Amino acid sequence: MQAVAQCQTHDHLVQFYEDESFLAEVVADYLLAGAEVGERLLVLLTRPHLEEVFQHLEAGGLDTQAAMASGQLVAHDAESVLAAIMRDGQPVEALFERHLLAPIEAVQPLPTRAFGELVNLLCAEGNAEAAVFLEVLWHAACHRLPLTLLCGYALQHFDRPADQAAFDAICDHHSHVLPAEPYSRLMSRHQLREVSRLQQQALVLRRETASREQAEQTLKAMRQLHGQMLMELADHALHDDLTGLMSRQHAQQRLAKLIAEPSERVGRVAVLHIDIDQLKAINESLGLEMGDYYLHQTAQRIKYCLGSREIVGRLGSDEMLAILSGFEQTDEVLSVVERLLDWTSQPVEMAGQRVVASCCIGISLFPEHGRTVAELMRHATLARRQAQQLGRRRYQLFVSKLLVDGNHRLPHRAALRDAMASAELALYYCPLICARSGQVVAVSAQPRWHSTRFGILEPSHWISAAEEAGEVTAIEQWVLGRACRYAKTWLEAGLGLRMVVQVSPAGLQSEELVDRVDEALARNGLPGEMLELEVSESGLMHAPGCAAAILGRLKGMGVTLTVGDFGGDPSMLGHLNRFPVDTIKLHESLTAGCLDNADYSAIIYSVIAMAHRLGLKVSAAGVATRAQADCLRDQGCDMLEGSLWSRMEHRDTAQGGEA
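Here is what the cut-offs are and how they apply
- Residues numbered from 1 in each chain as written.
- Predicted model: local features only at pLDDT ≥ 70, side-chain atom pairs only at ≥ 80, totals over all residues.
- Heavy atoms only, no water.
- Helix = DSSP H or I, 4+ residues; strand = E, 2+ residues; numbered from the N terminus.
- Contact = heavy atoms within 4.5 Å.
- Areas by Shrake-Rupley, 256 points an atom, 1.4 Å probe, with all protein chains shown as cover.
- 1 Å grid on protein atoms, 1.4 Å probe; cavity = no way out; pocket = protein on both sides within 12 Å on 5 of 7 lines; lining within 4 Å.
- Points joined across faces, edges and corners; volume = space filled by probe spheres on them.
- Nonpolar A, V, L, I, M, F, W, Y, C, P; charged D, E, K, R; others polar.
- Buried < 20%, exposed > 50% of the residue type's maximum accessible area, 1.4 Å probe, protein only.
- Lys, Arg positive; Asp, Glu negative; His and termini not counted.
- Salt bridge = Lys/Arg side-chain N within 4 Å of Asp/Glu carboxyl O.
- Polar contact = N/O pair within 3.5 Å; in protein donor to acceptor, adjacent residues only side chain to side chain.
- Pairing = 2+ DSSP bridges.
- Axes fitted to C-alpha atoms, helices over the stretch in contact; angles between N-to-C directions.
- Parallel < 35°, antiparallel > 145°, perpendicular 65-115°, else oblique.
- Left-handed = near helix turned anticlockwise from the far one by under 90°.
- Expected span 1.5 Å × (residues − 1).

Trainee: I'm lost on the overall build of the chain in this one. Help?
Mentor: Within the chain, the secondary structure is distributed over 28 helices and 25 strands. Restricting to contacts in the chain with at least 6 residues of sequence separation, those with at least 24 account for 72%. For the chain, the computed accessible surface area is about 31300 Å², with 51% contributed by carbon and sulfur atoms.

What follows is the structure, encoded as structure tokens:
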């Protein structure tokens, strides 16, 4: 039993056993080794095992009564603890933290050596899924706390072939898997010798088997063996090593088989294209190893949320694919997607930090949105892109309009390369209104494309094509230069209106943005406080460290900073103190639902209250009616903008490539 006694802090071990007396000996040796080095001992045992383990501890020289009185040894009834952390047949992470981890954190930095039977009890009840999820929670706890954990499982719980998946998953979530008693009863000095002897016997047996097969098998049998070996090798390629999910090819093959089945057997099918947020930012700030851990944890959450019946695969990088079947109503799919967004939005503990997690999901349905794998995948991807444009933690069901917009991007890309040189871009100045006084306090510079081929287009119709064509930087620089020049003329005329210019997520990640702003202000003689830059919520969280540094330099110039499209993830309020911003702008979708959607109204009220408490102003985009303006003003909104004041828009008279 030397292996279990010599474990280290952060080890997560599992001991399988047949004989309960053997388990008691292993646990006692494990605890006595911890007591010798001054570790705190925590046991979660059933009553029969508790008595037997305490007898072995006393025999090993540990005064259990004195140890419990001093707090060195803490014992809990495993069945009572399990009941306290379970709800609806599943462990609840918050209850797990409160009842099990909080006492361990309270005695830090003193290491804790623990043994538990909670997962074994779940397996005894036939609830292997809950047992695996509880092991996930324990494994994460061992990763971040000074904790060593040994779990005990009776081998009888894995006798059926159907239990193999649960057995493999349990082994995957432990850092060490200890052999059962027939091997462990050997004296330590004989263990390696016994392993070598068994390996030698296995080698002899393999050689004898190979010789007999070579002599007895015909050419046909050899071909069959060759085919079987190829199938086994292919099976290894069916799963992604990092996440444990199906590979892209395997998941798409499963989808093809599914939609080829008669509809009365499989029902309707939903394809979910899932994009994991912040992976690039985590790789850059915490390193690739933490990025891999974050991706693995998120993938496991997706897998366990959807259940073993559904198909879940990795498409590549930070993208996942999930396939749902057997439903009748679209609302059933949307309910699953909303639950999936909740599961994946829980913070992930990494390197002592709580990283906010989230994802965006695009959905296509068979047969409504396509009858082939390629069509369903393409339409789910288009829907996912639309969800990302709406902000973080969003989902979008495919609609035919997305297909039209996607088809337009290719000709848009080609035409945009000549748009500035042909003077087809026009700059419009849209007013920002003080919600209380009704006065214009600023103007927003918004480019529109007066295309001879496509007509007049708002940025939302061509900005993605501009990004793909590599024209965004040039367009933003042109807008910035023209807007600063116009603001200077107004300032000289005595108007003194602050000029608002939007910055794309790509622009926010470039140090050149600071130089471009400094040059535009200096060239036009415009004070920094007369310029306001609007950045998107998703742009901030893509690489928050880089964004914070760039915004800090801009703030040093006196520039006002606003976070636009706010509302995709209300938890973003908890991160605003990382960025030197002055204002947040509510997303148009919240404005549109402020009158008839109680949930949106509650979100608006909470965001405004928390923003004001942080010393930030709040503006609202997309105000279209007087009733919306009155509602937002009553909620405490500071500034408003939208089509309600479109008659006050002003077009720049000097356009085209002039900056």
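Trainee: Explain empty space enclosed by the protein to me, please; I cannot follow it from the model alone.
Mentor: Empty space among the atoms becomes visible once a probe the size of a water molecule is rolled across them. As enumerated under the stated definition, the model contains one cavity of 30 Å³ or more in all. For the largest cavity, the calculated volume is near 60 Å³. Along the walls of the largest cavity sit Glu476, Leu480, Val501, Gln502, Val503, Leu513, Arg516 and Leu533, which together make up its complete lining. Looking at the lining of the largest cavity, the elements with two or more residues in it are α21 (472-492), β19 (498-503) and α23 (512-524). No other element matches the three residues that β19 contributes to the lining of the largest cavity. Along the lines of polarity and charge, the residues of the lining of the largest cavity split into five nonpolar, one polar and two charged.

Trainee: In this structure, what is going on with the side chain of Asp275? I would like to understand it.
Mentor: With respect to the helices and strands, the residue Asp275 is situated in strand β9 (residues 268-276). We note that Asp275 is buried and unpaired, the nearest opposite charge coming from Arg384 at a distance of 4.3 Å. Looking at Asp275, its side chain comes within polar contact range of the side chain of Gln388, at 3.0 Å. The residues touching Asp275, leaving out its near neighbours within four places in the chain, are Asp318, Glu319, Cys359, Cys360, Arg384 and Gln388.

Trainee: How should the sheet that holds strand β6 (residues 112-116) be read in this particular structure?
Mentor: Think of a sheet as strands paired side by side through backbone hydrogen bonds, with each pair either parallel or antiparallel. If you walk across this open sheet you meet the six strands as β3-β2-β6-β7-β1-β8, and the pairing is parallel. Of all strands in the sheet, those with a lone pairing partner are β3 (73-77) and β8 (176-178), marking the two edges. Geometrically, the sheet is characterised by an average inter-axis angle of 15° between neighbouring strands, direction not taken into account. Direction of pairing for strand β1 (residues 12-17) relative to strand β7 (residues 147-154): parallel, over a ladder of six bridges. Each bridged residue has a counterpart across the sheet, and for Gln15 the counterpart in β7 is Gly152. This element, helix α3 (residues 47-59), spans β1, β2 (40-45) and β3 of the sheet and lies at about 140° to β2.

Trainee: Would you mind going over the packing of helix α8 (residues 128-144) against helix α16 (residues 288-306) with me for this structure?
Mentor: Between two packed helices, what matters for the description is the angle formed by their axes and the separation of those axes. Two numbers describe how α8 lies on α16: the axes approach to 12 Å, and their chain directions differ by 160°. In terms of orientation, α8 lies roughly antiparallel with respect to α16. The chirality of how α8 crosses α16 is left-handed. Contact residues: Glu129, Val132, Val136, Ala140 and His143 in α8; Met290, Tyr293, Gln297 and Tyr304 in α16. Along the lines of polarity and charge, the residues of the contact of α8 with α16 split into six nonpolar, two polar and one charged.

Trainee: Would you take a moment to explain the environment of Leu73 for this structure?
Mentor: Structurally, Leu73 is set in strand β3. Separated by 31 residues in sequence, Leu73 and Leu42 have C-alpha atoms that sit 6.0 Å apart. Setting aside anything within four residues of it in sequence, one finds Leu73 in contact with Leu41, Phe54, Thr64, Ala67 and Met68.

Trainee: What should I look at first to understand the side chain of Lys585 in this one?
Mentor: The residue Lys585 is located in strand β22 (residues 583-586) in this model. Of note is the side chain of Lys585, whose polar atom sits 2.6 Å from the side chain of Glu534. Discounting chain neighbours no more than four positions away, the residues touching Lys585 are Glu534, Thr562, Val563, Gly564, Asp565, Phe566, Ser619, Ala620, Ala621 and Glu641.

Trainee: Please explain the pattern of salt bridges as it appears in this structure.
Mentor: Close approach of charged atoms allows side chains with opposite charge to pair. Summed over the entire model, instances satisfying the criterion amount to 16 salt bridges. Among the ionic pairs, Glu105 bridges to Arg144, the shortest N-O distance being 3.0 Å. Of the two residues, Glu105 is situated in helix α6 (residues 93-106) and Arg144 in helix α8; the sequence distance between them amounts to 39 residues. The exposure class assigned to Glu105 is partly exposed, which follows from its relative accessible area of 32%. Three or more residues joined by partner-sharing salt bridges are found here, namely Glu97, Glu105 and Arg144.

Trainee: Help me understand α21, please; the structure alone is not making it clear to me.
Mentor: Because each turn of an α-helix spans 3.6 residues, side chains separated by three or four positions in sequence point in the same direction. With 21 residues, α21 extends 30 Å between its outermost C-alpha atoms, agreeing within 8% with the 30 Å of an ideal straight helix rising 1.5 Å per residue. Gly494 lies just past α21 and shows a positive phi near 90°.

Trainee: So what exactly am I meant to see when it comes to the sheet that holds strand β11 (residues 319-327) here?
Mentor: Taken in spatial order, the five strands of this open sheet run β10-β11-β9-β14-β15, and their pairing is mixed. With one partner strand each, in any of the chains shown, β10 (311-316) and β15 (395-397) form the two edges of the open sheet. Put simply, the sheet's adjacent strands are angled 20° from each other on average, direction ignored. Across five bridges, the pairing between β10 and β11 is antiparallel. Among the inter-strand pairings, Gly313 is bridged to a residue of β11, identified as Leu321.

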